[in-house]
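A look at the structure
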Amino acid sequence: MKVLVIGGGAREHALCRALSLDPDVTALHCAPGNAGIAEVAELHAVDALDGAAVADLAVSLGAGLVVVGPEAPLVAGVADAVRERGIPAFGPSAEAARLEGSKAFAKDVMAAAGVPTARAYVCSSPAEVDEALDAFGPPYVVKDDGLAAGKGVVVTEDVEAARAHALACGRVVIEEFLDGPEVSLFAITDGETVVPLQPAQDFKRAHDGDEGPNTGGMGAYSPLPWADPALVDEVVATICQPTVDELRRRGTPFSGLLYAGLAITSRGVRVIEFNARFGDPETQVVLARLKTPLAAVLLAAATGHLEAEPPLRWSDGAAVTVVVASHNYPGTPRTGDPITGLDAVAEKDGPKAYVLHAGTKRDDASGEVVSAGGRVLSVTATGSDLAKARERAYRAVGRIGLEGSHHRSDIAAKAAAAAES
């Protein structure tokens with residue numbers, strides 16, 4: 001099968017890496033890709049948001065499957081455009097992708113499906129914002145209703161900061177704060193059957209100890225040794241399957257990847273948010289542990305035959321990913337800085353540790369790989385347990401040079417310590 005992946009971040013690099021290891025994949029393409037993806041796939045300079053251009057490319061390549069990675073192309077209807085040309089696409093329709101594209105829509109679906117989530121108000125005016133903030137009190141949780149690249153949420157004790165964020169966004173969802181640890185659970189679905197992947201935990205704050213501003217994610221690990229073994233089955237039964245059933249009932253079936261961001265609260269599991277695609281950086285660790293070849297599973301979801309697929313197989317070990325970010329991220333990041341040490345990681349740490357590129361490109365003049373975004377690299381490692389995977393990941397991070405960069409030093413530290421005690 002020839003596969004075309006749409007996107008250019010570390011999530012897409014993780015997908016391309018997994019697909020490149022699949023013996024059923026005879027040719028792998030990516031648009032637009034990045035400097036790392038270029039090592040495993042042929043790159044194409046196509047606008048990922050242009051559905052017609054993506055569909056034309058898929059037809060010209062003879063692709064048997066198109067995998068749409070990021071949320072913005074999904075909300076823009078790129079998967080619809082590909083399907084209209086008769087090519088299977090892994091990713092929901094624009095209508096179904098509203099589950100991520102609009103927090104208010106997601107709340108409406110959850111209410112109809114009986115899915116447990118935080119109480120919330122949808123606010124469009126300063127008066128509504130003030131009323132909602134007053135109703136819930138601190139800590140305040142304010143979410144931009146639309147897509148914001150993982151940075152549309154503010155959680156703060158400062159009412160003025162919460163109000164300022166709400167007014168800057170326009171339409172927002174203001175909700176009660178959910179206590180307890182957070183978990184990310186992905187589920188592949190064809191609109192009826194739901195197949196869960198292994199859970200992961202990511203780290204949203206920029207700095208150690210969960211300090212600093214929210215980011216798109218600074219690292220992740222899987223599995224979760226502290227989680228209830230029944231958690232995955234519970235989430236599928238009470239959250240994922242009811243949501244998929246409700247969207248099908250509305251005539252907008254959801255096929256692709258349903259991402260449930262969860263809080264394990266004192267009152268039970270609650271949905272923080274839904275995404276309509278693989279999460280970043282959780283994909284990096286989840287796919288590192290998946291032993292089942294990926295292409296057939298994605299194709300089965302895209303063509304409505306997921307029920308016939310055998311159960312997924314997983315490694316018994318662990319995976320950890322650490323994000324190396326540009327100077328000033330998550331503010332306006334500095335770009336164009338050379339990245340060193342990539343060959344050293346490949347030579348000295350592979351294949352147990354490897355680098356997945358996010359915001360990178362190859363400089364035309366120098367030929368060097370340089371930074372081209374906020375989150376630049378996801379350094380991913382596997383091991384027999386979290387402690388071993390963590391040790392390998394940070395050893396590899398230490399080989400990488402990027403002036404002004406920063407990364408968290410505590411990814412999976414508490415979980416690894418707890419697992420050993």
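Rules behind the numbers
Residues numbered from 1 in each chain as written. Predicted model: local features only at pLDDT ≥ 70, side-chain atom pairs only at ≥ 80, totals over all residues. Heavy atoms only, no water. Core = buried A, V, L, I, M, F, W, Y, C linked by side-chain atoms within 4.5 Å. Buried < 20%, exposed > 50% of the residue type's maximum accessible area, 1.4 Å probe, protein only. Helix = DSSP H or I, 4+ residues; strand = E, 2+ residues; numbered from the N terminus. Contact = heavy atoms within 4.5 Å. Axes fitted to C-alpha atoms, helices over the stretch in contact; angles between N-to-C directions. Parallel < 35°, antiparallel > 145°, perpendicular 65-115°, else oblique. Nonpolar A, V, L, I, M, F, W, Y, C, P; charged D, E, K, R; others polar. Phe/Tyr/Trp six-rings, centres within 6.5 Å; stacked < 30°, edge-to-face > 60°. Lys NZ or Arg CZ within 6 Å of the ring centre and 35° of its normal. Pairing = 2+ DSSP bridges. Domains from an automatic or database assignment. Left-handed = near helix turned anticlockwise from the far one by under 90°.

1. With respect to the nonpolar core
- With 78 residues, the main nonpolar core has L4, V66, L99, I239 and V320 as its most contacted residues.
- Ranked by residues supplied to this core, first place goes to helix α9 (residues 231-249) with 8 residues.
- Beyond its immediate stretch of four places on either side in the chain, L99 contacts F105, A106, V109, T243, L247, F254, L258 and F274.
- In this structure, A41, Y259, L298 and A302 belong to the second largest nonpolar core, which totals 43 residues.

2. Notes on the packing of helix α6 (residues 103-113) against α9
- It is the contact of α6 with α9, at a shortest axis distance of 9 Å, that shows an interaxial angle of 100 degrees. By the angle between their axes, α6 is roughly perpendicular relative to α9. Contact residues: α6 offers F105, V109, A112 and A113, while α9 offers P242, T243, E246 and L247.
- In terms of residue class, the contact of α6 with α9 is built from 6 nonpolar, 1 polar and 1 charged.

3. Focus on the packing of aromatic side chains
- Evaluation of the coordinates by the stated rule reveals 5 aromatic pairs.
- For the pair F186 and Y259, a centre-to-centre distance of 5.3 Å together with 35 degrees between the ring planes defines the contact as tilted. Linking F186 in strand β10 (residues 182-189) with Y259 in strand β16 (residues 256-265), this pair joins segments that are 73 residues apart in sequence.
- Classification of F186 as buried rests on a relative accessible area of 1%.
- With a relative accessible area of 3%, Y259 lands in the buried category.
- Ring geometry for F203 against Y221: centres 6.1 Å apart, planes inclined by 45 degrees, an arrangement best described as tilted. With F203 in the loop between β12 (201-202) and β13 (205-207) and Y221 in strand β15 (residues 219-222), the pair connects residues that are 18 residues apart, well separated along the chain. Accessibility assignment for this pair places F203 and Y221 in one class, buried.
- Between the NZ or CZ atom of R17 and the centre of the ring of Y354, over which it lies, the distance is 3.6 Å.

4. Focus on the pairing of β15
- Neither face of β15 is open: one carries G219 and Y221, the other A220 and S222, and all of them are buried.
- Pairing geometry for β12 and β15, over 2 bridges, is antiparallel. Opposite Q201, over in β15, you have Y221 as the bridge partner.
- Here β15 runs beside strand β18 (residues 318-325); their pairing, made up of 4 bridges, is antiparallel. If you follow S222 over to β18, its bridge partner there is A319.

5. Things to note about the domain arrangement of the chain
- Annotation of the chain at the domain level lists domain 1 (2-91), domain 2 (121-175), domain 3 (182-308) and domain 4 (318-420).
- One C-alpha centre belongs to domain 2, the other to domain 4, and the line joining them spans 33 Å.

6. Brief notes about the packing of helix α1 (residues 10-20) against helix α10 (residues 282-289)
- With their axes 8 Å apart at the nearest point, α1 and α10 run at an angle of 15 degrees to one another. Compared by their axis directions, α1 and α10 come out roughly parallel. For the pair α1 and α10, the sense of crossing is left-handed. Where α1 abuts α10, its residues A10, R11, A14, L15 and A18 lie against T283, Q284 and L287.

7. What about the sheet that holds β18?
- Strand order in the open sheet formed by 5 strands is β12-β15-β18-β22-β19, with antiparallel pairing between adjacent strands. This sheet does not close on itself; its edge strands, each paired only once, are β12 and β19 (353-357).
- Across the sheet, helix α13 (residues 386-397) touches β15, β18, β19 and β22 (375-383), and the angle it forms with β18 is around 30 degrees.

8. Considerations on unusual backbone geometry
- A cis amide bond links A31 to the next residue, P32, at an omega of 0 degrees.
- Not every positive phi belongs to a glycine, and D210 is a case in point at roughly 55 degrees.
- Within the secondary structure, D210 sits in the loop between β13 and β14 (211-214).
- According to the relative accessible area criterion, D210 is partly exposed, its value standing at 46%.
- Within the chain, N328 stands out as a residue other than glycine whose phi angle is a positive 80 degrees.
- Locating N328 in the fold gives a position in the loop between β18 and α12 (342-348).

9. Description of the sheet that holds strand β1 (residues 2-7)
- Strands sit in the order β3-β2-β1-β4-β5 across an open sheet of 5 strands; the sheet is parallel. Here the strands that pair on one side only, and so sit at the sheet edges, are β3 (42-43) and β5 (89-90).
- Inspection of the sheet shows β1 paired to strand β4 (residues 65-68) by 4 bridges, in the parallel sense. Counterpart to L4 in the pairing with β4 is V66.
- Running over the sheet, helix α2 (residues 51-61) touches β1, β2 (27-32) and β4 and is turned about 160 degrees from β1.

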